[in-house]
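Residue-level structural notes
For reference, the chains in residue letters:
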Amino acid sequence: MISASALAMFLQVCSIINSFIILAVIIVMATVKKLQSLFAFRIISFLALNDLCAYIVFAFGNMAERYGESSFGCQFQAFGLNYFFLSAWCWANATAYTLNRVIDSATTLKPLNIGPTTMRYFILMFQILPVFPSVMPFFFDAYGNSGAWCWVKVRDL
């Protein structure tokens, strides 16, 4: 049987490894100039950036054990995990939507109308809107120790 602390340590190591892999993807995307002009790669860069931030926050381990459940570190970790993973999930959906539009455009021979307005709309929807559900748990004192890290508190039902 694996102990909770061993599992938490394994998850932290995986988060650090994921952070380096995602950082390598971001560096490649930042250095290859031809990729920067493609709409799909801009979406992927936002997805990668949100994943990187989430895994960095996740790599800190259980902040509640070190500083207390109501500490700034625990609350920041809970908010960061909620916000960055929710935003990354939204960007993954934007990728699927864009892929659907590209395939539809190719099969129907209709022009693909994805311009700068679409990117601004995506940024509004997928970077700014996830703030609201991530702030809501502060009003209900719902962020705290959830086991191996700080997130929504585990309560007895």
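Report follows, based on the coordinates. (Residues numbered from 1 in each chain as written. Predicted model: local features only at pLDDT ≥ 70, side-chain atom pairs only at ≥ 80, totals over all residues. Heavy atoms only, no water.)

Counted under the stated rule, the structure contains two salt bridges. Between K153 and E69 there is a salt bridge, with the nearest N and O atoms lying 3.6 Å from each other. Linking K153 in the segment after strand 2 (150-152) with E69 in the loop between helix 4 (63-67) and helix 5 (72-108), this pair joins segments that are 84 residues apart in sequence. Since its relative accessible area comes to 33%, E69 is described here as partly exposed. For the salt bridge of K153 with D141, the shortest nitrogen-to-oxygen distance reads 3.0 Å. With K153 in the segment after strand 2 and D141 in the loop between helix 7 (131-139) and strand 1 (143-145), this residue pair connects regions lying 12 residues apart in the sequence. Each of E69, D141 and K153 takes part in a single network of salt bridges with overlapping partners. (Salt bridge = Lys/Arg side-chain N within 4 Å of Asp/Glu carboxyl O. Helix = DSSP H or I, 4+ residues; strand = E, 2+ residues; numbered from the N terminus. Buried < 20%, exposed > 50% of the residue type's maximum accessible area, 1.4 Å probe, protein only.)

As a further point, take the packing of aromatic side chains. Pairs of aromatic rings are described using the distance from one ring centre to the other and the angle between the two planes. Counted under the stated rule, the structure contains 14 aromatic pairs. Summarising the aromatic geometry, the rings of F72 and F76 are spaced 5.9 Å apart at their centres and angled 20° between planes, so their arrangement reads as stacked. Taken as a pair, F72 and F76 lie in helix 5 at a separation of four residues, close to a single helical turn. Assessed through its relative accessible area of 68%, F72 is described here as exposed. Relative accessible area serves as the criterion here: at 42%, F76 is assigned to the partly exposed category. Measuring from centroid to centroid gives 5.4 Å for W91 and F126, while their planes differ by 70°, and the two rings are edge-to-face. In this pair, W91 sits in helix 5 while F126 sits in helix 6 (residues 116-128), placing the two residues 35 residues apart along the sequence. Judged by its relative accessible area of 15%, F126 falls in the buried class. Here the aromatic cluster, defined as three or more aromatic residues joined through ring pairs, consists of F39, F46, W91, Y97, Y121, F122 and F126. (Phe/Tyr/Trp six-rings, centres within 6.5 Å; stacked < 30°, edge-to-face > 60°.)

Considering the arrangement of structural elements, one finds I16 in helix 1 (residues 4-31). When the C-alpha atoms of I16 and V57 are compared, they prove to be 9.9 Å apart, with 41 residues separating the residues in sequence.

It is worth spelling out the packing of helix 5 against helix 6 at this point. Running from amino to carboxyl end, helix 5 crosses helix 6 at an angle of 145°, the nearest separation of the two axes being 9 Å. The hand of the helix 5/helix 6 crossing is right-handed. Between helix 5 and helix 6, the contacting residues are Y83, S87, C90, W91, A94, Y97 and T98 on the first element and M119, F122, I123, F126 and Q127 on the second. For the contact of helix 5 with helix 6, the class distribution of residues is nine nonpolar, three polar and no charged. (Axes fitted to C-alpha atoms, helices over the stretch in contact; angles between N-to-C directions. Left-handed = near helix turned anticlockwise from the far one by under 90°. Contact = heavy atoms within 4.5 Å. Nonpolar A, V, L, I, M, F, W, Y, C, P; charged D, E, K, R; others polar.)

What follows deals with the state of the cysteines. Using the criterion set out here, one finds one disulfide in the structure. Here C53 stays free of any disulfide, with the sulfur of C90 as its closest cysteine sulfur at 15 Å. A relative accessible area of 26% places C53 in the partly exposed class. Overall, C90 belongs to the buried group, its relative accessible area being 13%. (Disulfide = S-S within 2.5 Å.)

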